[in-house]
Each structure stands twice: as C-alpha cells, then as structure tokens.
Amino acid sequence: MHKRSIGGLLNWLTMLFFGLPSMAMALPETSQIRDPAPGWDQLWHEMLIDITIIGVIFALVCLYFMYKYRRRNPDDEGNQPKLSTPAAIGWAVIPAFLFMADDFYLAANGWELWNKYRQVPEDRMEIKLESAMWTWDYTYPNGVKTYNDLIVPAKKPILLRMTSRDTIHNHFIPDFRVKEDSMPGRVTYIWFYPKEPGEHLVTCAEYCGHLHSRMYGKVTVLSKSDFDKWYKAEGAKAQLAMNRGGM
Amino acid sequence: MGGTLREWIFTTDHKKVGILYLIGSIAAFGVAGLMAMLMRIELSAPGPTLTDNPTTYNVWLYFHGAAMILGFQIPALTGFLANYLIPLQIGAKDVAFPRLNALSVWLFYVGLVLALLTFVMPDPPDVMWTGYPPYSEITVGNTAFYSFTVLLLGFASILGGVNFLTTITFMRAPGMGWNKMNIFVWATFTAFILQLIFVPVLGTAVTMIMFDKYLGTNFFNPTNGGDVLIYQNLFWFYSHPAVYVILLPFIGITFDIIATFARNAIFNYKVVVYGGMGGIVLLAGEVWVHHLYVTGMPDWIRVGQMVTTLLISIPVGLIFISLIGTLYRGSIVYTTPMLYALGVVFLMLIGGLTGIPLALTALTVHASETYFVVGHFHYVMAVAGTFSIFGGIYYLYPKMTGRMYNEFIGKIGFWITFVGVNTVFMPMMISGIDTGMPRRYWDYSQISGMEGYQQLMSIGAAFIFVGFLITLINWVQGLFKGEKVGRNPWGSKSLEWTHCDSPPGHGNFDPIPSLPEEWSPYAYGRNK
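Residues numbered from 1 in each chain as written. Chains lettered and ligands numbered in written order. Predicted model: local features only at pLDDT ≥ 70, side-chain atom pairs only at ≥ 80, totals over all residues.

Asker: It is not clear to me how helix α4 (residues 98-116) of chain B should be interpreted in this structure. Could you clarify?
Answerer: All names here are of chain B. With 19 residues, α4 should cover 27 Å at 1.5 Å per step; its first-to-last C-alpha distance of 27 Å lies within 8% of that length. Turning to α4, its buried residues number three or more, namely Asn101, Ala102, Ser104, Val105, Leu107, Phe108, Gly111, Leu112 and Ala115. As for α4, its buried residues are in contact with α2 (14-42), α3 (54-90) and α6 (143-170). (Helix = DSSP H or I, 4+ residues; strand = E, 2+ residues; numbered from the N terminus. Expected span 1.5 Å × (residues − 1). Buried ≥ 20, exposed ≤ 12 C-beta atoms within 10 Å, placed from the backbone. Contact = placed C-beta atoms within 7 Å.)

Asker: Just to check I follow, could you spell out the sheet that holds strand β8 (residues 188-192) of chain A for this structure?
Answerer: In a beta sheet, neighbouring strands are held together by backbone hydrogen bonds and run either parallel or antiparallel to one another. Residues and elements named next belong to chain A. The five strands are arranged β3-β2-β1-β5-β8 in an open sheet whose pairing can be described as mixed. If you trace the sheet from one side to the other, it starts and ends with β3 (145-147) and β8, each paired once. When strand polarity is set aside, the average angle formed by the axes of neighbouring strands in this sheet is 25°. By the bridge criterion, five bridges tie strand β1 (residues 125-132) to strand β2 (residues 135-139) in an arrangement that is antiparallel. When the sheet's bridge partners are listed, Glu130 is paired in β2 with Asp137. (Pairing = 2+ DSSP bridges. Axes fitted to C-alpha atoms, helices over the stretch in contact; angles between N-to-C directions.)

Asker: It is not clear to me how the pairing of β8(A) should be interpreted in this structure. Could you clarify?
Answerer: Here is the key point about a regular strand: its side chains alternate between the two faces of the sheet. Residues and elements named next belong to chain A. In terms of burial, β8 is a largely internal element, four of the five residues being buried. Taken together, the five bridges between strand β5 (residues 158-164) and β8 define a ladder with antiparallel strand orientation. Following the sheet pairing, Leu159 is matched in β8 by Trp191.

Asker: Hey, could you run me through the environment of Phe220(B) in this one?
Answerer: All names here are of chain B. Within the fold, Phe220 resides in the loop between α7 (183-215) and α8 (228-261). Note: C-alpha distance between Phe220 and Glu137 (83 residues apart in sequence) is 9.0 Å. Those residues in contact with Phe220 that sit more than four places away from it in its chain are Pro133, Pro134, Glu137, Asp212, Gly226, Asp227, Val228, Ile230 and Tyr231.

Asker: Just checking my understanding: could you explain the sheet that holds strand β9 (residues 198-204) of chain A for this structure?
Answerer: All names here are of chain A. The five strands lie next to each other as β4-β10-β9-β6-β7, forming an open sheet whose pairing is mixed. Unpaired on one side and paired on the other, β4 (149-153) and β7 (178-182) mark the two borders of the sheet. Between one strand and the next, the sheet's axes are offset by a mean angle of 20°, whatever the strand orientation.

Asker: Hey, could you run me through the interface of chain A and chain B in this one?
Answerer: The parts lose accessible area when they come together, and the size of an interface is often stated as this lost area. Listed by partner, the interface residues are 71 residues for chain A and 74 residues for chain B. Only α3 (36-68), α4 (85-118), β6 (169-173), β7 and β9 of chain A provide two or more residues apiece to the side of chain A that touches chain B. Take the side of chain A that touches chain B: its biggest share by element is 16 residues, from α4(A). Looking at the side of chain A that touches chain B residue by residue, the classes come out as 42 nonpolar, 14 polar and 15 charged. (Nonpolar A, V, L, I, M, F, W, Y, C, P; charged D, E, K, R; others polar.)

Asker: Can you walk me through the domain arrangement of chain A in this structure?
Answerer: Entries for chain A in the domain assignment read domain 1 (2-70 + 89-118) and domain 2 (125-246). Between domain 1 of chain A and domain 2 of chain A, the contact holds five residues from the first and five residues from the second. (Domains from an automatic or database assignment.)

Asker: Looking at this structure, I do not really get unusual backbone geometry. What am I missing?
Answerer: The omega angle of the peptide bond from Met133(A) to Trp134(A) is -5°, so this bond is cis rather than trans. For Trp134(A), the location among the structural elements is in the loop between β1 and β2. With an omega of -10°, the peptide bond running from Ser502(B) to Pro503(B) counts as cis. Of note in the backbone geometry, Met128(B) takes a positive phi value of approximately 65° without being a glycine. Note on placement: Met128(B) falls in the loop between α4 and α5 (135-138). Overall, the presence of 19 C-beta atoms within 10 Å leaves Met128(B) in the partly exposed class. Positive phi, close to 55°, is recorded for Arg329(B), a residue that is not glycine. Position of Arg329(B) relative to the elements: it lies in the loop between α11 (313-325) and α12 (336-353).

Structure representation (structure tokens):
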C-alpha cells in the first residue's frame, strides 16, 4: 500500500512537471479488469483515518486550552505571547507545508482511483441509457430495450452511454459506487463491474421535479449462461418486432 | 433604541439599518426553519406523511434553501453584523453612503416579500435554490419569482459592497492602521470583495434562465444549440465564493467573540488576515468545478480543480490554528456568546474535514448528491454560520439594547440546539454513505435501512426547534426585563465597547477617538 501511494505521488509529480501529454504515459494499460468499487471503499477508509486524526488533534488541543486557561479571577486578562517575525512565519509556513503534503498525498491517491473510474476495459458490454421524467430506458447492442431494469451478465464490465430526453437526471448505483448525470445534448458515461448475480438499486441523484424520489430501478445481474439465454430470446423478439414494423 | 415606525423605515442610521436587517433575516430564518420542520415530519416515516404531493415538499425544500442562504445567512452576516459593527469597530460616525444603505435594506425587504409570495401564488417555484435548467425552464413552477428574488437580494448586496469597501477604506478613525482593524472588519472587507466580483455572474445566470423560459432564448436549450452545463458553471462560479461570503464574516465574528471572552490577542493576526482570509479570496474563484464532479465535465478540469479545492485546506487550516491559538494563555469565561463561538470551532472542524473527501473527484462518484453532502454543508456553512450569527446577536445584545439577556436561559438554549444539530447532521452524513440516500427526496421507501436514520434526524430537528424557541424568548424577554448595562459589560478592548454608549447614540462617538500608537482591539495582558 505504502509503495503504491508513493508511486501515485510520483505519477502526480510527473504530470505536474511534464504537463498533460505525459498523462497518457503515466496511465497503466487497460487489459485487465480494474474494478474501481473496492478501490473506492479503500480510499474512503484511508480518508476517514486521515481526517479523524487531524480532527482529534485539533479538538483535543482546543479542549485542553478551554480547560487550562479558564478564567480564575474576574479581572484576569490573557497573556498571548508576542510572536517574533520568524516564529510568525514559521507558524504559517510549517503548517501550510504539512497541510499541502497531506493534500498532495490525497490528490495522488484520488487521481489514481479517478483514472480507474474513467478507463473502461476493452472487453466491455456497451448499453445506451436514455433517462426521462421519471424512467430509465436501456437499449442493448442487439436492439433489446428494457425499462428501469438493467439486466447484465456477471463478470463483464458494463459501460453505460447516457443521455436524457428532458431534464438532468443522475444514474446512481450505490452498490457499485458510481454515478453521473445524464442530460440532454451531451453524452456522459459510467462503467461498473458486476462480480456476481444479484440485484442492486438504481436511484436518481439529480433533482428532476415531482417524482424525483420515485425514479428508481434496479440492476439485475445474471450468471453468464442465464444472461445469454435471456439476451438471445429478447434479441429474437426485438428482431421480430423490428421486421414487423418494417413491413 | 426607540423611535416611531416612520423613523425606522426612513432611517439612514447604520445601527437601525443593521437592526432592520436583523429582524428581516431572523424572520426569514423562522419561516425557512418551519419548512425544515415540515420536511423532517414528512420524512419521519417512509411514504406520504404530511403531504401526498411531492411538489409541495419540493416547494418547502426550495424555500428552505433559498431563504436560509439568500434571506438569512448572507443578510444576517453582511447586512446586520456588518452594518451594526463596522462603523463602531473602525471609529466612524456612520457608513460612507447612508442613503444607499437605506436603499439596500429596502431592497432586501422587497426580496423577502417576493420570496414569501411563494406560499400564496399558484404554481410556486420548485426549482431548488440552485435553479438548474432544463428543469427550471420546463417546470410549471414560477421560475421568474426565483430569478427576481435572487436579483433583488443580489443588488442589495452589491450596494452593501460598495458602501462597506468605501467605509472601511476611508473612514477609519485616526490612528487605526489596516493591521489594527478587528478581524471582523477584515472579514467583511474580504467578503464584499468576493461579493462584488461574483454576484454579477449569478445575476447573469438567473437572468438567462428567465430569458430562456419566458422570452424564447436558447442559452441552455441543447436542441437549439445551447448547453445545459453553462448554467451550472455560472451558478457555481458565484455560489462557491458565496460560501466564503458566508464563511469569512462568520469566522470574523467568531474571532472577535473568542478574543473578547478569552481576553486575549489574536494568535498570528497577520497570518489570519493575509494568509487565511487572503488565501481564501485568491482561491475562491478557482474551485467551483467541485460542485460539478458528477456532471460529465471534462476530466482535465475535474482533476485540476480537485487540486485547487484541496489547497483550500491551507488557508482554512491557518485560520483554525489561530482560532484555537487565541485561547492559548487566555482567560476564558464561558458566557452564552462564547459557547456559540466555541461551538462554531467544533462544528466547523467536523464540517471542514468532511469536505476533504468531497474534494476528491473519485470519492464524489459515490458521496456526491447524497445525504453526506447535505450533512457536510449543513455542518460547515449552515449550522456553523448560524451559531456564529446567534453568538454575534448575544455578543452585541447589551450594546444594541442596553440590557442584558438571561445567561442561564441562553446557555440552556445553546446546549439543546447543539445536541439537536449533531443529532440531525451526524446521522445524515453517515446515512448518505451507508445507504447512498440521495438528497431532495420526498420519499425513501425503496432505500433499505433509512427509516431509523430519518427518525433520529427528525428527533434532532425537534431539539433544534425547542432550542431556537428558548433563544428567541430569551432575546425578546431581555428587551423588557433585562438588567441595564453600562458601556462595556464584557471588558473588551474593542472600540464599540470602550468608546460607545449602550446603545450608541446618533453619530456613535463624541468625539471621534484618536487612537494612540499602542492601541489595538486586542491589547490584553502584556500586549497592552
């Protein structure tokens, strides 16, 4: 873990000094699945430790001062020592560097995870999503359409290319730690990696009016064989419907 | 502070203008707080509780957000506190443009009336305080009222900005150098710099929405070449600095309260001013994209503003060190205003630190738009800001009224409110991560494990309600029954306490004080 964060920091510094072109070099290859969801939990955990330590230090010092320097006689006055110029500068520069070091450490880790979120594996399945008040409409590569039920195979990265018919919505799958807005006039994307069969809630996370809170659906993860069966059967039906429509 | 109603309405006295701002903003707080109570009752059980019409809930939520920020916090901090305190703290007879000041408080009241019309008009605005298009342009709700309310309050604020920057720059008493001003004066100065730079951007954004919706322009309409994200960029280009327009004055008054009741000099004054507040002003306009992390903005700007957002921790951290450092070797007495000020320190510590995960683009893909965000910004801005305002009101109470509030009732009010806010907003943050509960929901039946959290929060809200009632009763009762006080009940070294009567007469100072070399508003103990 420790080594990786240093690697992240180095990547970060490389990018800082060599600018954006070097970003492509610094990014790792996309061949193996790099599921960001466990990474999210891990980074969140580290973050909680980080801010808890800082918070507890500040709070304890404050509480100690509050107790130690309570007024004993009504006429007492405080005696804040006058800081010499070097001390004043030191009290600014040293904490500033400590905070900055923590910022850069977090930025490096955050950037690394961010790259995982934005790099979609090659062997993905691509599904189109069109959101509308108040429904999620999915279209599969073979023309199958589902509504509010995103049926996907396990162990395959799923990419959603998202847009919207009316206003802004936000396709949020809490279990897969991923969300992004869908909106008219722009195409956005998210991807996730369903490891095993099961059901996961999809909610709308961007305010969209009257039934915003009732705009939910689910991700249904099927085993590969179950999914293939469903996909072929639905695909045939969709084909039939299309042919009929054509006649 | 007597006088006829006519005298109050047509007043140009900064103290009366300040108190008018106080009354208006507390009224806005009361109504917006009632909306919060209605929402908490609605959410206390899944499914419909108070109303089966989600739009009714959405209107409550719209009003709660818009009125709390634009009608309560900004006017209470930059209207009431700035108006009342700035001339007194810098040793001036009044502000530079007293009539402009009166105009600004009138505009504020007209804005409040417009906002209150929400409750009587058909199809009230339901666009949230952010007013994002396309929703704000396709809803049947009346977006024009939203736009006009924002424009009026924004204009009032610009007038205030012109006035206070001029007043602080040119009307300081002889001998008061820039580095001798109270921290609150600096805070107001920096807040109004931000307000003058950024309010016009907000005005532009809400005007464009109105043009789109009612005049047929297509700024945000993608089917005719517009772009929905432009609005969010304009809106947050103002509204993130607006957070600092709230934060800076509330930090400023917190510093002054802590210095007074610890009878102590500010720790590292120049670093607070130039490093802390100056740093915030410099960074304020470069971090807005962190509100757009999950909207599909280009990756490069999301990552770039992750870094600038994280850097905000430096000035804020320096301010924190000085806040706590001001207690060092102090002589601390725990009056009600001091409890509120120290409450600000702890609430802001929680709120500030929980902002750090929200700076990381990668973590917001889960945390953004959930109750975690709502809990975070309530801690850092809503609750900490409100505690500083309440602390400020208690702090200035003897100065404004010439009487003392009841200390015991004040402390009870504080503790009930303090328990209440933590019972609401701590579970709120935890539930946002735990269940992924999205914000702005009228119903949460589909989200398992949410009911217990919601009930806990609703109980906490009842505590806040009771705490505020007690506080309000204390303020009103003190007007009639409070013990009379002299000039300086706190033993402060600041001009408003040492050189002004309680309440100060017309013209404040007689004569304008001329300050000796060794004078400082924080000259306690050996710093005399």
